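Observations on the three-dimensional arrangement
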Amino acid sequence: MIVKKYAKEIVILLVSLGVAIGGYWTWQNYTYHDTRQPQQVLETKEKTNDDVVLIFHKTGCPDCKQVVRQINQAIKQGQADEYVVVDTKDSDLYKKYNIIEVPTAIHLRDGKEIDRQAGINNLNKLEKVIHAAKE
């Protein structure tokens, strides 16, 4: 019987596939997906009437790690035209937006701040800012 002959290979293949899917799922949900060239994206969006949500985090920050999954889910469900995710270790944008605590979400329209929430003590408010419901 062919299945018995290749049983070991089939099991190895299925386990490998499971590990790959699990790894991708973990990466997708528990990793911040930083925006490439965030300054350019923000400059482009400033000229439009688009809603932009700017999310600051820091690699290694325990609070950021604690809420990464909720932030990623809020981005998926959000209504903003653009999400810009920035690691404060890799960008000086945090100075321009006066970021003193991470994670911080800032809702911008026409380059002007509409709403802001910093820290994790009010996760519902943080998610509300990220959803960026259009008024």
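Just so it is clear, the structure is predicted and the values come from calculations on it, not from any experiment. (Residues numbered from 1 in each chain as written. Predicted model: local features only at pLDDT ≥ 70, side-chain atom pairs only at ≥ 80, totals over all residues. Heavy atoms only, no water.)

**Re helix H4 (residues 62–77)**
- With 16 residues, H4 should cover 22 Å at 1.5 Å per step; its first-to-last C-alpha distance of 24 Å lies within 8% of that length.
- Its axis deflected by about 50° at Val-68, H4 carries its strongest bend there.
- By the burial criterion, the buried members of H4 are Cys-64, Val-67, Val-68, Ile-71, Asn-72 and Ala-74.
- At its buried positions, H4 is contacted by helix H2 (7–30), strand S1 (51–57), strand S2 (82–87) and helix H6 (123–131). (Helix = DSSP H or I, 4+ residues; strand = E, 2+ residues; numbered from the N terminus. Expected span 1.5 Å × (residues − 1). Bend = angle between axes of the 7 residues up to and from the residue. Buried < 20%, exposed > 50% of the residue type's maximum accessible area, 1.4 Å probe, protein only. Contact = heavy atoms within 4.5 Å.)

**Let's talk about the state of the cysteines**
- Under the defined criterion, the tally for this structure stands at 0 disulfides.
- Left without a disulfide partner, Cys-61 is nearest to the cysteine sulfur of Cys-64, which lies 3.2 Å away.
- Cys-61 sits in the buried class, given a relative accessible area of 13%.
- On the basis of relative accessibility, which here comes to 1%, the residue Cys-64 falls in the buried class. (Disulfide = S-S within 2.5 Å.)

**A word on the pattern of salt bridges**
- Scanning the model with the defined rule gives 7 salt bridges in all.
- Taken together, the salt bridges that share partners define one network made up of Lys-45, Asp-50 and Glu-82. (Salt bridge = Lys/Arg side-chain N within 4 Å of Asp/Glu carboxyl O.)

**Points about the packing of H2 against H4**
- Packing of H2 against H4 leaves a shortest axis separation of 7 Å and a crossing angle of 80°. Looking at the two axes, H2 sits roughly perpendicular to H4. Across from Trp-25, Gln-28, Asn-29 and Tyr-30 in H2, the residues of H4 making contact are Val-68, Arg-69, Asn-72 and Lys-76.
- Its residues assigned to classes, the contact of H2 with H4 shows 3 nonpolar, 3 polar and 2 charged. (Axes fitted to C-alpha atoms, helices over the stretch in contact; angles between N-to-C directions. Parallel < 35°, antiparallel > 145°, perpendicular 65-115°, else oblique. Nonpolar A, V, L, I, M, F, W, Y, C, P; charged D, E, K, R; others polar.)

**Let's talk about the sheet that holds strand S3 (residues 104–109)**
- Reading across the sheet, the 4 strands line up as S2-S1-S3-S4 and stay open at both edges, with mixed pairing between neighbours. The sheet is open, and its two edges are formed by S2 and strand S4 (112–118), each paired on a single side. Within this sheet the neighbouring strands show an average axis-to-axis angle of 15°, counted without direction.
- Relative to the sheet, helix H3 (residues 38–46) contacts S1, S2 and S3, its axis offset from that of S2 by approximately 150°. (Pairing = 2+ DSSP bridges.)

**Some words on empty space enclosed by the protein**
- For the coordinates displayed, the defined rule picks out 1 cavity of 30 Å³ or more.
- What lines the largest cavity is Leu-42, Lys-45, Glu-46, Asp-50, Val-52, Tyr-97, Leu-108, Arg-109, Asp-110 and Gly-111.
- Where the lining of the largest cavity is concerned, the elements lending two or more residues are H3 and S3.
- In terms of residue count, the dominant contributor to the lining of the largest cavity is H3 (3 residues).
- Residues belonging to the lining of the largest cavity are distributed by class as follows: 4 nonpolar, 1 polar and 5 charged. (1 Å grid on protein atoms, 1.4 Å probe; cavity = no way out; pocket = protein on both sides within 12 Å on 5 of 7 lines; lining within 4 Å. Points joined across faces, edges and corners; volume = space filled by probe spheres on them.)

**Observations regarding the packing of aromatic side chains**
- All told, the structure shown has 2 aromatic pairs when counted by the stated rule.
- Summarising the aromatic geometry, the rings of Trp-25 and Tyr-30 are spaced 5.8 Å apart at their centres and angled 65° between planes, so their arrangement reads as edge-to-face.
- A relative accessible area of 44% places Trp-25 in the partly exposed class.
- On the accessibility criterion, Tyr-30 (41% relative accessible area) is partly exposed.
- With 6.2 Å between their ring centres and 50° between their planes, Phe-56 and Tyr-97 make a pair best called tilted. Linking Phe-56 in strand S1 with Tyr-97 in the loop between helix H5 (93–96) and S3, this pair joins segments that are 41 residues apart in sequence. For the pair shown, Phe-56 and Tyr-97 are each scored as buried. (Phe/Tyr/Trp six-rings, centres within 6.5 Å; stacked < 30°, edge-to-face > 60°.)

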